[in-house]
Amino acid sequence: MLKRNSIHVERFREKIDKAAAVRTKVLDEMKFIRSWAQNPLRTGAVAPSGPDLAAKMASFLAPRPHSRVVELGPGTGVVTKALFERGFAHKHLNLIEYSADFCELLSLRYPGLSVLRGDAYALGRTLHKQGGFLSEAQEGERLLDGVVSSLPLLTRPEPARRALLNEALALLKPGAPFIQFSYGLVMPVKPDSQGVSVYSSDWVWKNLPPARVWVYRKGH
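Residues numbered from 1 in each chain as written. Predicted model: local features only at pLDDT ≥ 70, side-chain atom pairs only at ≥ 80, totals over all residues. Heavy atoms only, no water.

Novice: What exactly am I supposed to notice about the packing of helix H3 (residues 51-58) against helix H4 (residues 78-86) here?
Specialist: Pairs of packed helices are described in terms of their axes, by the angle between the two and the distance that separates them. At a minimum axis distance of 8 Å, the contact between H3 and H4 shows a crossing angle of 55°. By the angle between their axes, H3 is oblique relative to H4. In the packing of H3 onto H4, the handedness of the crossing is right-handed. Residues Pro51, Ala54, Ala55, Met57 and Ala58 of H3 pack against Val78, Val79, Ala82, Leu83 and Arg86 of H4. Classifying every residue of the contact of H3 with H4 gives nine nonpolar, no polar and one charged. (Axes fitted to C-alpha atoms, helices over the stretch in contact; angles between N-to-C directions. Helix = DSSP H or I, 4+ residues; strand = E, 2+ residues; numbered from the N terminus. Parallel < 35°, antiparallel > 145°, perpendicular 65-115°, else oblique. Left-handed = near helix turned anticlockwise from the far one by under 90°. Contact = heavy atoms within 4.5 Å. Nonpolar A, V, L, I, M, F, W, Y, C, P; charged D, E, K, R; others polar.)

Structure representation (structure tokens):
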């Protein structure tokens, strides 16, 4: 009898957890739609990235004791969650988010995580804010182990995209990746240096819409 009751309780808890997960997903999508309606060019997408795409992006990074990874445009934190599942800790991450609503959501969802409200296209200046990796760094120091971007790059002019990539590569350690997903058929930004390698993943068909992950690396 006790065993049967325990099974019923466990099934009930599973249903509650599933319902909570569905509710969270719906609320996140509503936040994205509202953000998109207010400023389509900044938000780009009308729904968060799917978990398969987020996991693919995180797979190009390997956590180490003193890792420093910057996430651009985290939104509701889908890629952030994938980074945690990959093995990164709070101290390893800086999140840069322009939307005050998403900053508040991320701070509530991941207490203690460094969420910097600012412009990702002014990467260095934003990372110099309190809590940012550059707040105590030496000028010109290349200390980042990765940049993961969910920014809607294709909504911005090519010079702005290239400037962002160049600034990120200047802050990354040699060979460290700049990771960007895109729904487009061509690379989201063309590097202006032959010393930059570019890799494209296969399409992540489970994501809606399907997307690819682009990885940029610069040597010494």
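Let us keep going from here.
Novice: Sorry, what's going on with the nonpolar core here?
Specialist: The nonpolar side chains of a soluble globular protein tend to be buried with one another. Core analysis: the largest hydrophobic core is formed by 27 residues, its most contacted members being Val70, Leu72, Leu127, Leu144 and Phe178. The element that contributes the greatest number of residues to this core is helix H7 (residues 158-171), accounting for five residues. Aside from chain neighbours lying at most four places away, what touches Val70 is Asn94, Ile96, Leu123, Leu127, Phe133, Leu144, Gly146, Val147 and Val148. Listed in part, the 24 residues of the second largest apolar core include Val69, Tyr110, Phe181 and Val204. (Core = buried A, V, L, I, M, F, W, Y, C linked by side-chain atoms within 4.5 Å. Buried < 20%, exposed > 50% of the residue type's maximum accessible area, 1.4 Å probe, protein only.)

Novice: I'm lost on the side chain of Arg212 in this one. Help?
Specialist: Position of Arg212 among the secondary structure elements: in strand E7 (residues 212-218). Of the side chains with opposite charge, Asp202 lies nearest to the buried Arg212, which makes no salt bridge, at 7.6 Å. Among the polar contacts made by the side chain of Arg212, one reaches the main-chain carbonyl oxygen of Leu185 at a distance of 2.7 Å. Those residues in contact with Arg212 that lie beyond four places of it in its chain are Gln180, Phe181, Ser182, Gly184, Leu185, Val186, Ser200, Ser201, Asp202 and Trp203. (Lys, Arg positive; Asp, Glu negative; His and termini not counted. Salt bridge = Lys/Arg side-chain N within 4 Å of Asp/Glu carboxyl O. Polar contact = N/O pair within 3.5 Å; in protein donor to acceptor, adjacent residues only side chain to side chain.)

Novice: What should I look at first to understand the pattern of salt bridges in this one?
Specialist: Any two side chains of opposite charge can pair if their charged atoms end up close together. In total, this model carries four salt bridges according to the counting rule given. For the salt bridge of Lys81 with Glu85, the shortest nitrogen-to-oxygen distance reads 2.4 Å. Placement of both Lys81 and Glu85 in helix H4 is noted, with a separation of four residues, approximately one turn of the helix. Its relative accessible area of 58% is what places Glu85 among the exposed residues. The salt bridge involving Asp145 is made with Lys173; its shortest N-O contact spans 3.0 Å. Here Asp145, found in the loop between helix H6 (123-127) and strand E4 (146-149), pairs with Lys173, found in the loop between H7 and strand E5 (177-182); they are 28 residues apart in sequence, far enough to count as distant. Residues participating in the shared-partner salt-bridge network are Glu158, Arg161 and Arg162.

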